[in-house]
Amino acid sequence: MSDTKEIRNKIDDYNETIHAIVGFMNFFRYDDKKKIIRDDIVVFQGRRFKPSPEKSINQKGEKVEYVTPDIGILLPLKSGVIGEVKKGFPADQKLWFKTFKQLMSYDDDLIGWPSDDEKVDSHDVVLILHQSRSVAVQEFYENNKGTEIEIKRPFSIVEFNRSAEAKPFYFFRRTFGHLSEKNIDEQLKYGVSVPMLVFISLYSEIKLYDDEPQLPYLLQLIWEHVVLQKACEDERFERLRKNQKIKIDLDIETIIEKLHKGFSFRRLYDKESARQPKIPKREWVIRACKKFVELNEAKWLDENKTKITFYFRQYDDVLTHFIEHCLEEEQEEIQLKLFKNEEFS
Amino acid sequence: MISGRFDYITPFYNQNHSNKGFVEDIDKLLGSYDLNVKSIPFTSDRLPIEWFPKISTKSRKIKVLKKYDGLQLFQMTYNYRDGNEEREEEGDFFIYEHPEYIKVYVAITFEPGDFFRRIMLPFFESLFPHIMMTFITHKKLRKLLENFKEENQFSSIIITRASQRFRFNEEGKNKKIVPMVSWPQMDLSKAFKWVYENNGWFQSLNFKAKRHISTFAEISITRQGVLVTNNLYEKVFKGFIIPVCKIIHENIEFFGNRGRLSNRKLSAKPLTVDFGIEQFADASENNKFIQSMKRLNKASVSVIHGNPYIHLSVVDYFDGSIFDLWVLNSSQLFIVPQMKASVSSIKRIINHVFDTYAEGDIRDYREALD
């Protein structure tokens, strides 16, 4: 597989994970009988929960400040659901313990639910994973249950798959355990197909979750939705030719804020909270800006790397431009290293 | 004085007009003299009377000659070099403010075709995105012509000259829409059937409105709604210009406030283009659509996903509008405006789809889902 294709596949996986999160949340948000979005359900993504004193020290003896499940749903009557969403599992099964350790850390009296006292009376733990691994992961869980893996709260595994058909849909099916919400558990028992076109607004509004995207994709999002949006306020924008550029000054906080407000799961949970970290994370944006500087698309304005000047230009295909330039730059770095090694060997 | 002919126009310009009886005044003038009148229906986000004089350049000067109620007379002077010679051309045009539709205007001139085609029309086109004309779909154009024929009891509409474009039918990056001019002397239904079967559309049509052997008017109309006629201006205004103004007005209403920044929650307000047929039944169609979108000038088109479904990110470099485009079934295109999405940009994207790929009906996404 070419490097370009590999990056594009990873971007696709990233989006597929977002689609799976949106799709699963919607089983709870959408009132199928009344055909409306329920306003008594709170959904959130990447929220920081404080563990109970018993679980605030991990097996290595380190303090655990917080846990951040991929998915969170607060239901009426103070119950909830939290879980992880995994598009891919590594080939080495030993590494699967990491995911289950995360899930075990959610099997706790967590503090941080978006309720008045930040607690719930009960909650489910769910693993949402791609269909390709669901049987193997289920076997892995059952083989290690009671020894390495222990989850006391209601635990379930839900598989998902995107159909490769002209009318694409996401298929969800509960393959293990039970969800406490009986009607949803019943729906998912036999599997539910969710047509993609139902969610095109949310798919277009939510482009980031709390896992770092491929760098070229983040560069594209910053370029199109932050840099360009400021560039078009410049009176030269309208007449800009392809060989011309406009200097755009931005600070890192503005970039984070614009993407967070416009393209994260904040779209579904818009209350400011210290427990709800801003996505994209600051370190991702710094990394992206460093890459812009390396690619001569920008320069830092201060030593602390809080302000940056972009050299805005018009590209015919922004995503391909950044994929190709990131790859070219990687190739150059590899060649430079090889050259240095030869020089000193 | 219009060169080589007796000047009927200056006295007309010197009369007092208002937008109320103006169409009738023109109608009378055309009925009496051998003239033709050219009309450009458009929308502008700035007031022409204030704006036009300010955008004079070294080679092009515009001044306001007269101001009436809802109507103004402008003069445009254009200087250019022809070999070693400095030349100057001058022409006048009215701007008619639509009495009902805000921001909708019609530029009207009696100047010769050369001035109109080489100087005046390019001037209006160059002001995009602040000035926007419209596009008339194949289906709508046919309907306008049929209604015009019926309401005015013409026995036939004979197409005397047609400029048509054919959308490319094969995959490939460099395939372009094919322009073609013909003089079919066909009646309406035959001409429209022929161009439709060849996956094309009319860029412009010249036709004669006839009652048996008598020709009552020779009219031309372009896909952008530009009208030229030598007679029956009131009927042409009612039959074509008013409906085109209505399309422009509806575009402003329907495409307006679609950007996510236009609402506090930053919610998307998608549009649907319904092709009415199984347009994407074949997987190879995805590539054709992507290639046709990639030919959108002054834009970035990034493919986020290409098969089996399509997801594109489209940036319009005219004003920074951004859209997510999705194809998630075989008959519809979904256009999701991002933070900024101007009316002119939405119209440009849809116009491009219609011109280079296929025409469809535009609807609100929610309505389309129901």
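Residues numbered from 1 in each chain as written. Chains lettered and ligands numbered in written order. Predicted model: local features only at pLDDT ≥ 70, side-chain atom pairs only at ≥ 80, totals over all residues.

1. Some remarks on the overall build of chain A
Thought 1: Check the secondary structure of chain A and you find 9 helices and 12 strands.
Thought 2: Here chain A has a C-alpha radius of gyration of 22 Å; the compact-globule value for 345 residues is 20 Å, and the two agree.
Thought 3: Seen along its three principal axes, the alpha-carbon backbone of chain A occupies a region of about 60 × 60 × 45 Å.
Thought 4: Per-residue burial over chain A gives 38% buried out of 345 residues.
Thought 5: Nonlocal contacts in chain A, meaning residues at least 24 apart in sequence, comprise 67% of its contacts between residues at least 6 apart. (Helix = DSSP H or I, 4+ residues; strand = E, 2+ residues; numbered from the N terminus. Rg over C-alpha atoms; globule rule 2.2 N^0.38 Å. Buried ≥ 20, exposed ≤ 12 C-beta atoms within 10 Å, placed from the backbone. Contact = placed C-beta atoms within 7 Å.)

2. Things to note about unusual backbone geometry
Thought 1: Of note, the bond from Ile279 of chain A into Pro280 of chain A is cis; its omega dihedral lies within 30 degrees of zero at 10°.
Thought 2: By the secondary structure assignment, Pro280 of chain A is in the loop between α7 (252–263) and α8 (282–294).
Thought 3: A cis amide bond, omega 10°, links Phe128 of chain B with the succeeding residue Pro129 of chain B.
Thought 4: For Pro129 of chain B, the location among the structural elements is in the loop between α4 (113–126) and β6 (131–132).
Thought 5: For His212 of chain B, which is not glycine, the phi torsion reads 55° and is therefore positive.
Thought 6: Relative to the helices and strands, His212 of chain B resides in the loop between β10 (200–211) and β11 (214–222).

3. Description of the interface of chain A and chain B
Thought 1: At the interface, 31 residues of chain A touch 29 residues of chain B.
Thought 2: For the side of chain A that touches chain B, the secondary-structure elements that each account for two or more residues are α1 (3–29), α5 (200–205), α6 (215–231), α7 and α9 (318–344) of chain A.
Thought 3: Residues of the side of chain A that touches chain B, tallied by class, amount to 13 nonpolar, 9 polar and 9 charged. (Nonpolar A, V, L, I, M, F, W, Y, C, P; charged D, E, K, R; others polar.)

4. Some details on the packing of α7 of chain A against α8 of chain A
Residues and elements named next belong to chain A.
Thought 1: Running from N to C, α7 and α8 cross one another at 115°; their axes reach a closest spacing of 10 Å. Between α7 and α8 lies a crossing of right-handed hand. From α7, Ile252, Ile255 and Ile256 reach across to α8, where they touch Arg282, Val285, Ile286 and Cys289.
Thought 2: When the residues that make up the contact of α7 with α8 are grouped by side-chain class, the tally is 6 nonpolar, no polar and 1 charged. (Axes fitted to C-alpha atoms, helices over the stretch in contact; angles between N-to-C directions. Left-handed = near helix turned anticlockwise from the far one by under 90°.)

5. Focus: the confidence of the model for chain B
Thought 1: Scored by pLDDT, chain B has a mean of 89; 94% of the residues are at 70 or more.
Thought 2: The complex model carries a pTM of 0.90, and its ipTM stands at 0.93. (pLDDT = per-residue confidence, 0-100.)

6. A few points about the pairing of strand β16 (residues 321–327) of chain B
Residue and element names in this part refer to chain B.
Thought 1: Extensive coverage of β16 is indicated by the burial of 7 of its 7 residues.
Thought 2: Across the two faces of β16 the burial is the same, with Ser321, Phe323, Leu325 and Val327 and Ile322, Asp324 and Trp326 all buried.
Thought 3: Two strands pair when backbone bridges link them, and strand β15 (residues 310–316) and β16 are joined in this way by 7 bridges, in the antiparallel orientation. Counterpart to Ser313 in the pairing with β16 is Asp324.
Thought 4: A loop of 4 residues connects β15 with β16, the two strands running antiparallel in sequence, and Gly320 in this loop sits at a positive phi of about 85°.
Thought 5: Across 4 bridges, β16 lies against strand β17 (residues 332–337) in antiparallel orientation. For Phe323, the partnering residue across the bridge sits in β17 and is Pro337.
Thought 6: Linkage of β16 to β17, two consecutive antiparallel strands, is achieved through a turn of 4 residues. (Pairing = 2+ DSSP bridges.)

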